[in-house]
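# Survey of secondary and tertiary structure
Here is how the chains run, residue by residue.
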Amino acid sequence: MKVGVKFCGNCNPYVDMPTIFKELSMRAKGITFVRWDDENYDVLLVLSSCGRDCATRPDFTGPVIVATSEAVDRWPVTAGELPDAILVALTKYGTGR
């Protein structure tokens, strides 16, 4: 599975989303992460460092997973649970572990 990744502007960070993404990418088996502007991916992953989630979205008609500092796809999680919760969301669309 190929996942396009879009980070927010990091203007009001509650969590260190680049570090969380690094941990996620080390755990994710069978997933290739690419930039959101690659335009050739199966799932879009939007990573927002705060709860506001004001990151812009590219035109993408496939599945979108949104992770904020406090939720994944609107399901509440703690910052420590974010990598695992994102992996669980990714497994809905293909392999993740």
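We now turn to the structure provided with this report. Note that the structure is predicted; figures quoted are calculated from it, not measured.

### With respect to helix α1 (residues 17-27)
Every buried residue of α1 is listed here: M17, I20, F21 and L24. For α1, the angular spread of buried residues about the axis comes to 100°, placing them on one side. For α1, the exposed residues lying more than 90 degrees away from the buried face are K22 and M26. In this structure, the buried residues of α1 make contact with β1 (2-7), β2 (32-35), β3 (43-47), β4 (64-67) and α2 (82-91).

### Here we look at unusual backbone geometry
Of note in this structure, N10 is not a glycine but carries a positive phi near 60°. The topology assignment puts N10 in the loop between β1 and α1. Judged by its relative accessible area of 39%, N10 is partly exposed. Even without being glycine, D73 reaches a positive phi, approximately 50°. Mapped onto the secondary structure, D73 falls in the loop between β5 (71-72) and β6 (75-76).

### Focus: the pattern of salt bridges
Summed over the entire model, instances satisfying the criterion amount to four salt bridges. One salt bridge connects R35 with D37, and the closest N-O pair in it is separated by 2.8 Å. Within this structure, E23, R27 and D84 form a network of salt bridges that share partners.

### Considering the packing of aromatic side chains
Each pair of aromatic rings is reported with the distance of its centres and the angle of its planes. Overall, the coordinates contain three aromatic pairs when judged by the stated rule. Ring plane angle 85° and centroid distance 5.6 Å describe the contact between F7 and F21, whose orientation is recorded as edge-to-face. Of this pair, F7 sits in strand β1 while F21 sits in helix α1; the two residues are 14 residues apart in sequence, bridging distant segments of the chain. Given the relative accessible area of 17%, F21 is considered buried. Here the aromatic rings of Y41 and F60 are separated by 4.9 Å at their centres, their planes lie at 35°, and the arrangement is tilted. With Y41 in the loop between β2 and β3 and F60 in the loop between β3 and β4, the pair connects residues that are 19 residues apart, well separated along the chain. Put simply, the rings of F7, F21 and F33 pair up and form one aromatic cluster. It is K6 that lies over the ring of W36; its NZ or CZ is 5.3 Å from the centre.

The rules we used
- Residues numbered from 1 in each chain as written.
- Predicted model: local features only at pLDDT ≥ 70, side-chain atom pairs only at ≥ 80, totals over all residues.
- Heavy atoms only, no water.
- Buried < 20%, exposed > 50% of the residue type's maximum accessible area, 1.4 Å probe, protein only.
- Helix = DSSP H or I, 4+ residues; strand = E, 2+ residues; numbered from the N terminus.
- Arc of directions from axis to C-beta.
- Contact = heavy atoms within 4.5 Å.
- Salt bridge = Lys/Arg side-chain N within 4 Å of Asp/Glu carboxyl O.
- Phe/Tyr/Trp six-rings, centres within 6.5 Å; stacked < 30°, edge-to-face > 60°.
- Lys NZ or Arg CZ within 6 Å of the ring centre and 35° of its normal.

In short, the description is geometric, and any link to function would need to be established separately.
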